Every structure is written in C-alpha cells, then in structure tokens.
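Below, each chain spelled out in residue letters.
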Amino acid sequence: MQFECDISAAHGYTSLPQRARVLSEKWFQDNSYCLSCDSDRLLRTASNTKASDFVCQTCNENYELKTFRTMPVRTLVDGAYAALMSRIKSESAPTLMLLERNDDWQIQGLTAIHHLFLTPSVIGKRKPLSPTARRAGWVGCNIRLDLIAQDAQIYVVHKRIANSPKIVRESFQRFNRLKNIELNSRGWATLTLRIVRSLNQQTFSINEVYAKEYEFAALYPENNNIRAKVRQQLQVLRDLGFLEFSGRGSYKLLI
Ligand SMILES: [Zn+2]
C-alpha cells in the first residue's frame, strides 16, 4: 500500500475541492479493497457525481469516501438528510471510508464505519439553510460518531500503518450478521452493544446495564419499558454470538 498520493493526477485542476477529490479518489481506487469479500478492487460508481461512491462488483458492498485533514471525533457532516435516511431505510446505506491526509497529501489513516451501524437514531437533522442561501430550505445531516459503537470503526490504515487485509476483513465481516435483524431492532441492538462496551468489562451484570438506562432513554424517549427492551436486546446479541449468558443475571462478551 502506498501512502503518498499521486499529485500529478490533479494536473489541470485549479479549485482546491476538485484537486482534493481527484487525489483522494485516485489514491482510494489504487489502494483500497473490499472489506466484505475477498475482492481486491472497488469501482467508482459513475451514476452519482455528488458523492465519492465506490462499489464492489463481486458482492455489491457500497462505500462512500470522505477525506479529512483532521479526523472528526463526534460528528460527521454528511449530505442531504432525506437521501441518507432513504438509503438507510432501503438497506443500501454505504460503508463510510474516512481518509485522513496531511498537507503534503500523505495518507495518515483510513477508517471504515460499517454501514449496518448507520441506523436512524445516529443520524441528526441539521437546520434548513436560510431563505437567503442559494439552496434555501435544503436540509443536511450529521452522523453522530459518538453514538455509534466503537466496533463499527475498523482501521484499515492507522497512524500510517496498514493493517493486514485479513484482519480488517475479519473485523468487518463479523458484523455482517447484524444484517439478519430488521432496521428498527438493529438500532437497539447496536446501541446495547455500545453501552455494554462502555462498561469496559468482559463480564457484566444486567444491573450494570440497567444503570445506563438514561442513555437508552435519551435516544428512545418514547419507550416506556426500557429494561424489558434491554433484556430482549441482550438476547439478540447472544443469539448473534456477541455474548453469552453465564447465569444469575451476568453476561460475558465473546468478541
Ligand atoms: Zn466485495
């Protein structure tokens, strides 16, 4: 894997956003691979000219490339709210590929965010653009990275070191099993996984999860029986092989 972008690829482009787009797409095209199958090639999708979208022709996994000089921690500004929600609801949300580069166009990191963790509860609506704006009334969205379980973030390149594709693919594919849960329930399951991870313990009790009830309530204020829902979600995570029940209200994380 090369860490230098090919600056000559942007020859002839004068605007900075265009140069940035051409260089990052060229690097990604030359160095990326599918995380969901063994294909070593991703293709730029010609149909969408607004987002940097790529697709694997073997398994149809979609990717959206975003490039940063400083990686966002809490919030990722994305495009139109309605468009992303529609992709999430039709189960075609892209896996996000966050590319970090420095001023000299050397790649510092590449982090994937698994698309199955993009559920409606982690997408925030932004204020509509003001009536005087060129696109008055247009509504964008924020992807709330702080509401997504750490598991969703998979390092392909971290601090200028490329992880082995085998390990990256294993890390990614172990969450493909979330596909078996319908979207509404998946929001709860991934939230439960995030809360369980936040306990920082391999074994934990149901009461420790109940103690975080307010975090569930913050995202699902309309739910009046959070504890029953939490118990159900722990069963879902157990059935998916993420944890096991070890008796007397205690659980053990398996992955
Ligand atoms: Zn693939």
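Up top is the structure.
Residues numbered from 1 in each chain as written. Predicted model: local features only at pLDDT ≥ 70, side-chain atom pairs only at ≥ 80, totals over all residues. Heavy atoms only, no water.

**Student:** How should I be thinking about the environment of R227 in this particular structure?
**Tutor:** As for its position among the elements, R227 is in helix α7 (residues 226-239). As for R227 and F28, which are separated by 199 residues in sequence, their C-alpha atoms are 44 Å apart. (Helix = DSSP H or I, 4+ residues; strand = E, 2+ residues; numbered from the N terminus.)

**Student:** Quick question: what am I supposed to make of the coordination of the zinc ion here?
**Tutor:** Four donors placed tetrahedrally about a metal ideally form angles of 109.5 degrees, and six donors placed octahedrally ideally form angles of 90 or 180 degrees. Every protein donor of the zinc ion is accounted for by C34 (SG), C37 (SG), C56 (SG) and C59 (SG), and the metal-donor separations fall at 2.3 Å. Read from N- to C-terminus, the donor residues coordinating the zinc ion fall into the pattern C-x2-C-x18-C-x2-C. You can see C37 sitting in the loop between α1 (16-31) and β1 (43-44) and its partner C59 sitting in the loop between β2 (52-55) and β3 (62-68), a full 22 residues away along the chain. On the accessibility criterion, C37 (13% relative accessible area) is buried. (Donors = N, O, S within 2.8 Å, 3.2 Å for Na, K, Ca; no water. Buried < 20%, exposed > 50% of the residue type's maximum accessible area, 1.4 Å probe, protein only.)

**Student:** I keep staring at the nonpolar core and nothing clicks. Help me out?
**Tutor:** Nonpolar side chains tend to gather and get buried jointly when the protein is soluble and globular. I123, I143, I148 and F204 are the most contacted members of the largest nonpolar core, which has 49 residues in total. Sort the elements by how many residues they give to this core and helix α4 (residues 183-198) lands first, with seven residues. Excluding residues that lie within four positions of it along the chain, I148 makes contacts with I113, F117, L118, V122, I143 and R194. (Core = buried A, V, L, I, M, F, W, Y, C linked by side-chain atoms within 4.5 Å. Contact = heavy atoms within 4.5 Å.)

**Student:** Could you clarify how one ought to interpret the environment of H115 in this entry?
**Tutor:** Residue position: H115 is located in the loop between β6 (107-113) and β7 (123-125). The spatial distance from the C-alpha of H115 to the C-alpha of I88 is 8.5 Å, given a sequence separation of 27 residues.

**Student:** Mind showing me how you'd approach the sheet that holds strand β12 (residues 243-245) here?
**Tutor:** Through backbone hydrogen bonds, the strands of a sheet pair up, either in parallel or in antiparallel fashion. On the basis of which strands lie adjacent, the open sheet formed by three strands has the order β11-β13-β12 and antiparallel pairing. Among the strands making up the open sheet, the edge pair consists of β11 (203-205) and β12. Going across the sheet, the axis of each strand differs from the next one's by a mean of 25 degrees, ignoring polarity. Here α7 sits on the sheet and contacts β11, β12 and β13 (250-253); the angle it forms with β12, its principal contact strand, is near 115 degrees. (Pairing = 2+ DSSP bridges. Axes fitted to C-alpha atoms, helices over the stretch in contact; angles between N-to-C directions.)

**Student:** Would you mind going over the side chain of T192 with me for this structure?
**Tutor:** Relative to the elements of secondary structure, T192 occurs in helix α4. Residues in contact with T192, not counting those within four places in the same chain, are F216, Q233, L234 and L237.

In short, the description is geometric, and any link to function would need to be established separately.
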